[in-house]
Amino acid sequence: MGQRDRNKIIYAKIEAVSGTPETLVATDAVKTSGVAITPYAGNRVSQEYDRAGLGNDREVNVVPHGQISNFQVPMIGSGATGTKPAWGQLLRACAMAETDDTATNNEWYYTPVDTGFESITVGFRRETIQQTLAGVRGNWGINMQAGNLPWLTFSQFIGSYSRPIATTLPAPDNSAFKDAVPITKNNTPTLTIGASQYPVNSFTLDGGVSLERINIVAREETLITDRRPTGTIVVSPAASADIIALFAAVESHAGQTDQVIAVKHGSGAGSIVEVDLAGVAFSDITETVSSGEVFYSIPFSVQTVGDEIKITQGAT
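Given the structure is predicted, the values throughout are model-derived calculations rather than measurements. (Residues numbered from 1 in each chain as written. Predicted model: local features only at pLDDT ≥ 70, side-chain atom pairs only at ≥ 80, totals over all residues. Heavy atoms only, no water.)

Visitor: Sorry, what's going on with the pairing of strand β16 (residues 209-216) here?
Guide: It is a general feature of regular strands that their side chains alternate between the two faces of the sheet. Strand direction decides the pairing type here: β16 and strand β17 (residues 219-227), joined by 8 bridges, are antiparallel. Each bridged residue has a counterpart across the sheet, and for Val 209 the counterpart in β17 is Arg 227. Remark: 2 residues form the turn of the hairpin made by β16 and β17, two consecutive strands paired antiparallel; Ala 218 in that turn has positive phi of roughly 70°. (Pairing = 2+ DSSP bridges. Helix = DSSP H or I, 4+ residues; strand = E, 2+ residues; numbered from the N terminus.)

Visitor: I'm lost on the side chain of Glu 308 in this one. Help?
Guide: With respect to the helices and strands, the residue Glu 308 is situated in the loop between β22 (293-302) and β23 (309-314). Of the polar contacts made by the side chain of Glu 308, one reaches the side chain of Arg 227; its length is 3.1 Å. Apart from residues lying up to four places away in sequence, Glu 308 is in contact with Pro 112, Arg 227, Pro 229, Asp 276, Leu 277, Ala 278, Val 302 and Gln 303. (Polar contact = N/O pair within 3.5 Å; in protein donor to acceptor, adjacent residues only side chain to side chain. Contact = heavy atoms within 4.5 Å.)

Visitor: Sorry if this is basic, but what is going on with the pattern of salt bridges here?
Guide: Side-chain pairs of opposite charge can arise whenever the charged atoms involved come near each other. Evaluated as defined, the whole model comprises 16 salt bridges. Arg 137 is paired through a salt bridge with Glu 221; the nearest N and O atoms lie 2.9 Å apart. With Arg 137 in strand β10 (residues 129-145) and Glu 221 in strand β17, this pair connects stretches of sequence that are 84 residues apart. Of the residues examined, Glu 221 reaches a relative accessible area of 22% and is grouped as partly exposed. (Salt bridge = Lys/Arg side-chain N within 4 Å of Asp/Glu carboxyl O. Buried < 20%, exposed > 50% of the residue type's maximum accessible area, 1.4 Å probe, protein only.)

Visitor: Please clarify how the pairing of strand β1 (residues 8-14) should be interpreted in this entry.
Guide: The buried fraction of β1 amounts to 5 of the 7 residues, a majority that puts the element mostly inside the structure. In the sheet, β1 pairs with strand β9 (residues 120-126) via 7 bridges, with the strands oriented antiparallel. Looking across to β9, one finds that Ile 10 is bridged to Phe 124. The pairing of β1 with strand β2 (residues 29-30) spans 2 bridges and is classified as antiparallel. Its bridge partner lying in β2, Tyr 11 is registered against Ala 29.

Visitor: Where do I start with the packing of aromatic side chains in this structure?
Guide: For any pair of aromatic rings, geometry is given as the distance between the ring centres together with the angle between the planes. If you walk through the whole model with that rule in mind, you get 8 aromatic pairs. Taking the centre distance of 5.3 Å and the plane angle of 85° together, the rings of Phe 71 and Phe 157 count as edge-to-face. You can see Phe 71 sitting in strand β6 (residues 65-74) and its partner Phe 157 sitting in strand β11 (residues 151-160), a full 86 residues away along the chain. Here Phe 157 falls in the buried class, since its relative accessible area comes to 1%. Look at Phe 247 and Tyr 296: their rings are 5.8 Å apart centre to centre, the planes differ by 80°, and that puts the pair in the edge-to-face class. A residue pair is termed long-range when its members are at least 10 positions apart, and Phe 247 in helix α3 (residues 240-250) and Tyr 296 in strand β22 qualify at 49 residues. Since its relative accessible area comes to 33%, Phe 247 is described here as partly exposed. Cation over ring: Lys 310 sits above Tyr 109, and NZ or CZ is 4.2 Å from the ring centre. (Phe/Tyr/Trp six-rings, centres within 6.5 Å; stacked < 30°, edge-to-face > 60°. Lys NZ or Arg CZ within 6 Å of the ring centre and 35° of its normal.)

Following this line, the structure appears as structure tokens:
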């Protein structure tokens, strides 16, 4: 039998020195869903030598790298306010900084940074084969759909290429990652636009991190070149005043005001995750129907206002 796709797991650890691989242990295992990899990628150039006759020229990969293309982890805290969430190091590899605020507010929180980017070592294991990538950075997001579980999503986790080898990684222990609870009225008590709470069918956010792999003399690195976070919220206000307010918030031709979005999911100290967007600009509004009711799908871009994005593991 060949390598079975179901038997796969990734390990991740923050690097003390970016690009220098860390030794991965059992507790570095990540609880994932939907892992997809590109084990060998890069920019190819053709040799294009002058020669007699027709035909192909050999291509050479001049920026070899590997990539964890997509995966997601449960969006829930560690379960203890003094313990940071296991997914925190994944956010740190996506141009986010980690702050320990447990002494004052019993919180850990994550906010975007423009410099001092961190990186992680990632190991991918499938049955008898493993591959290790160093200097890994990537993009992140959030996917919350009614009637489903909430997920932190990750993509384009790009790092240095290494040839796969026979497995030496230990049996995984991903117990630091807890199981998420479904998105319901009770489990998701807060999803507000400004001061108004709306019935919400879905909320998605893309960190918008742009990445580029370079390999030049004396330097090999995954660069973070920009950050342009965007998202979409699908809401179903019942009151006419709330519907009118949504349209007013979308009308860029009329000079709409940026909106604050707050999302809180989960219950119990250390398990609650809150997402705060300090200012979003709505760009459009379209109608969609779910369960016979009209919902409004509203894309937005996150503006650079203060801590434009704040993800908090909190006590309340």
